[in-house]
Amino acid sequence: MFEKRSWIRLPRNVVIGHGVIEETGQMLSELHLSGTPLIVTSSTPKVIATDRVTEQLASDPPVELVETARFSSVEHVIERAQAESAGYLLGIGGGTVIDVAKMAADELGVGFVSVPTAASHDGIVSGRGSIPEGTTRHSVAADPPLGVIADTAIIAEAPWKYTTAGCADIISNYTAVRDWQLAARLKNAEYSEYAGALSRMTAEMLVGNADSINQGLEDSAWIVMKALVSSGVAMSIADSSRPASGAEHLISHQLDRIAEDTALHGHQVGVASITTEYLHSGQDGNWQNVHDALSNIGAPTTVAELGHSAEDFTEAMTTAHEIRDRYTILGNGVSEAAAREAARVTGVI
Ligand SMILES: NC(=O)C1=CN([C@@H]2O[C@H](COP(=O)(O)OP(=O)(O)OC[C@H]3O[C@@H](n4cnc5c(N)ncnc54)[C@H](O)[C@@H]3O)[C@@H](O)[C@H]2O)C=CC1
Ligand SMILES: O=C(CO)COP(=O)(O)O
Ligand SMILES: [Zn+2]
C-alpha cells in the first residue's frame, strides 16, 4: 500500500519591502481575520513599528509587552488574549516576541501574523517556536504565521548584529542539509529532495549576494529577509526544521545551556557549522568556504568573538548529540580530543 503523505503549512501572504508596514491593515483584511487582535510586542518595536500598525486598525487594540521568551510569557499572552476576546494575534518585534505570540496563537487556536523588525533568524517566518527554560530549550512545532509583513526600512535600522546573525543562520543550512542527507543514508531518516535543494540554494544565493550585504544598506535587509522566508518554506515543505537545523544547531542549543552568557543564535550556529563542515569533509574540505562566507558578511568565526570559552565550546560539541533524537555528523558523540582538534584546525578556538 502507498503510505507516503505530506502536509505543508505555509504562510498565505508574505509582504517584504520598503514601507510595507503601512499595508498591514490591507493584509489583515485580505486574510479575513475577524475581531480585534491582541498585539504582542516589546519596548523598542512598540515605538518604531507598533503605533504605525494600530493607526491602521478600526479600533484601538490591546497591546501586551513581552521582553523575554519564557513559558510564563506565553501563558500571560494566552490569558490576556482570552480576557480581551482577541480574534487573532499580531507579533511585532524580534524573534522573542514572534516566538511567544506564535506559540500562544497555536495554543489558543487563533490566527497569527508576524511583523519582524529584525532579520535575526528564520524562526520569524517558520512553523517552530523555541523557548529556553532553565537548563534546557524547547523547540516545538506551531502553526506558521498566516501572514508576514517585513518592512525593510525598519529592519535596516535594527542593530547590524541581528542582520549578520540572520545571514549566519542561513549559511548554516549547508551543514544542516549535509547532516540530513547523512541521517537519510545511515538511519533511513525521511529526506525531502525539494526541501534540501531549496535550503541549500537559499544559502548559495545569500553567499552569492554577500557583496551587497553591508551595514546601512536597505538592500541587505531585503536579501536577508528573502533568504529567511525561503528557509522557512523549506522547513514547511519538510514539516521539520531538518533543512535548516543540523549538528551546528545542536551545538548552539547546548551552548545556550552550558555557557553563562549566550551569544545570538545565528552567530553561534555559524561558528559551530565551521567545525561540523570540517567533521564532514576533513581538513581540505569546505570548512574554509563556510568560514569565508561568515567572515565576508562580518559574522563571528571564533568562539572568542561569541564571548564563549574554548572549554564550553568543546563540551557543547561532545555532548550536543544527547539533546535530541536527530542523527548528525556528531553520531553517538565525538571525543573531546576530536572536538578540540576540529575547533583548533578551523581556527574556531
Ligand atoms: N523559532 C525558532 O525557530 C527560533 C527561535 N529563536 C528564539 O528567538 C529569540 C531571539 O530572537 P532575536 O530576534 O535574536 O532577539 P530578540 O527578539 O530578543 O530581540 C533583541 C532585541 O532587539 C530589539 N529590536 C528588535 N527589532 C529592533 C529594531 N528594528 N531596532 C532596534 N531594536 C530592535 C528587541 O526589542 C530586543 O530588545 C530567542 O528567544 C531564541 O530562543 C532563535 C532561533 C530560532
Ligand atoms: O533555528 C532553527 C532553524 O534555523 C530551528 O531549529 P530547531 O528546530 O533546532 O530549533
Ligand atoms: Zn536557526
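Reading the values: the criteria
Residues numbered from 1 in each chain as written. Chains lettered and ligands numbered in written order. Predicted model: local features only at pLDDT ≥ 70, side-chain atom pairs only at ≥ 80, totals over all residues. Heavy atoms only, no water. Helix = DSSP H or I, 4+ residues; strand = E, 2+ residues; numbered from the N terminus. Rg over C-alpha atoms; globule rule 2.2 N^0.38 Å. Buried < 20%, exposed > 50% of the residue type's maximum accessible area, 1.4 Å probe, protein only. Contact = heavy atoms within 4.5 Å. Areas by Shrake-Rupley, 256 points an atom, 1.4 Å probe, with all protein chains shown as cover. Lys, Arg positive; Asp, Glu negative; His and termini not counted. Charge placed at Lys NZ, Arg CZ, Asp CG, Glu CD. Phe/Tyr/Trp six-rings, centres within 6.5 Å; stacked < 30°, edge-to-face > 60°. Lys NZ or Arg CZ within 6 Å of the ring centre and 35° of its normal. Near = heavy atom within 4 Å. Polar contact = N/O pair within 3.5 Å; in protein donor to acceptor, adjacent residues only side chain to side chain. Nonpolar A, V, L, I, M, F, W, Y, C, P; charged D, E, K, R; others polar. UniProt positions renumbered as here; feature names shortened; annotations may be inferred. Axes fitted to C-alpha atoms, helices over the stretch in contact; angles between N-to-C directions. Parallel < 35°, antiparallel > 145°, perpendicular 65-115°, else oblique. Domains from an automatic or database assignment. Buried area = accessible area lost by both parts, 1.4 Å probe. Donors = N, O, S within 2.8 Å, 3.2 Å for Na, K, Ca; no water. Pairing = 2+ DSSP bridges.

**Let's talk about the overall build of the protein chain**
Across its full length, the protein chain holds 15 helices and 8 strands. Relative to the 2.2 N^0.38 estimate, which gives 20 Å for 349 residues, the radius of gyration of the protein chain is 20 Å and therefore close to what a compact globule would have. Over its C-alpha atoms, taken along the principal directions, the protein chain stretches across nearly 60 × 55 × 35 Å. By the burial criterion, 55% of the 349 residues in the protein chain qualify as buried. Counting contacts in the protein chain only where the partners sit at least 6 residues apart, residues at least 24 apart contribute 73% of the total. Summed over all atoms, the accessible surface of the protein chain reaches about 15000 Å², with 47% contributed by carbon and sulfur. The protein chain carries 23 positive and 44 negative side-chain charges, and their two centres are separated by 6 Å.

**Considering the packing of aromatic side chains**
What characterises a pair of aromatic rings is the spacing of the ring centres plus the angle enclosed by the ring planes. All chains considered together, the criterion is met by 1 aromatic pair. The interplanar angle of 65° and the centroid separation of 4.6 Å between the aromatic rings of tryptophan 180 and tyrosine 191 together place this pair among those described as edge-to-face. With a gap of 11 residues between them, tryptophan 180 in helix α7 (residues 173-187) and tyrosine 191 in the loop between α7 and α8 (193-208) connect regions that are remote in the sequence. It is arginine 9 that lies over the ring of tryptophan 7; its NZ or CZ is 4.4 Å from the centre.

**Considerations on the site of ligand 1**
Looking at ligand 1, there are 23 residues lining it, with Gly95, Thr96, Asp99, Thr117 and Ser120 nearest. Between glycine 95 and ligand 1, the recorded distance is 2.8 Å, taken from a backbone N or O atom to an oxygen atom. Contact between ligand 1 and histidine 121: an oxygen atom at 2.9 Å from a side-chain N or O atom of the residue. Across the complex, the protein chains shield 81% of the 880 Å² of accessible surface that ligand 1 would expose by itself. Of all the secondary-structure elements, those providing two or more residues to the shell around ligand 1 are α2 (43-54), α4 (95-108) and β6 (128-133). Counted by class, the shell around ligand 1 contains 8 nonpolar, 12 polar and 3 charged residues.

**Notes on the UniProt feature "binding site: substrate" (unreviewed entry) in the protein chain**
Under the local residue numbering, the UniProt record ascribes the feature "binding site: substrate" (unreviewed entry) to Asp122, Asp169 and His253. Here aspartate 169 is to be found in helix α6 (residues 160-171). By relative accessible area, aspartate 169 is classed as buried at 0%. Those residues in contact with aspartate 169 that sit more than four places away from it in its chain are His121, Asp122, His249, His265, Gly266 and Val269.

**Observations concerning the packing of α6 against α8**
At a minimum axis separation of 8 Å, α6 and α8 run at an interaxial angle of 135°. In terms of axis orientation, α6 runs oblique to α8. In contact with Cys167, Ile170 and Ile171 of α6, α8 contributes Thr202, Ala203, Leu206 and Val207. For the contact of α6 with α8, a count of residues per class yields 6 nonpolar, 1 polar and no charged.

**Focus on the site of ligand 2**
Near ligand 2, the surroundings consist of Asp122, Arg128, Ser139, Asp169, Ser241, Ala244, Ser245, His249, His253, His265 and Arg324. At 2.8 Å from an oxygen atom of ligand 2 is found a side-chain nitrogen or oxygen belonging to histidine 253. Here an oxygen atom of ligand 2 and a side-chain polar atom of histidine 265 are 3.1 Å apart. Burial of ligand 2 by the surrounding chains reaches 93%, relative to a free accessible area of 310 Å².

**Structural notes on the domain arrangement of the protein chain**
In terms of domains, the protein chain is made up of domain 1 (13-155) and domain 2 (160-345). Once you take the C-alpha centre of each, domain 1 and domain 2 turn out to be 26 Å apart. On the side of domain 2, 23 residues touch domain 1, which itself brings 22 residues to the contact. Interface area for domain 1 against domain 2, summed over the two sides, is near 1900 Å², with a carbon-plus-sulfur share of 64%.

**Notes on the coordination of the zinc ion (ligand 3)**
The protein atoms that coordinate the zinc ion (ligand 3) are Asp169 (OD), His249 (NE2) and His265 (NE2), at distances of 2.1 to 2.2 Å. Taken in chain order, the donor set of the zinc ion (ligand 3) reads D-x79-H-x15-H. Of the two residues, aspartate 169 sits in helix α6 while histidine 249 sits in helix α10 (residues 247-258), which places them 80 residues apart along the sequence. The same class applies to aspartate 169 as to histidine 249, namely buried.

**Digging into the sheet that holds strand β1 (residues 13-17)**
Across the sheet, which stays open at both edges, the 6 strands sit in the order β1-β8-β5-β4-β2-β3 with parallel pairing between neighbours. Unpaired on one side and paired on the other, β1 and β3 (63-65) mark the two borders of the sheet. Shown here is a sheet whose adjacent strand axes are inclined to one another by a mean of 15°, direction ignored. Relative to β3, strand β2 (residues 37-41) runs parallel, the two sharing 3 bridges. Following the sheet pairing, isoleucine 39 is matched in β3 by valine 63. On top of the sheet, α4 reaches β2, β4 (88-93) and β5 (111-116); it is set at about 170° to β4, its chief contact.

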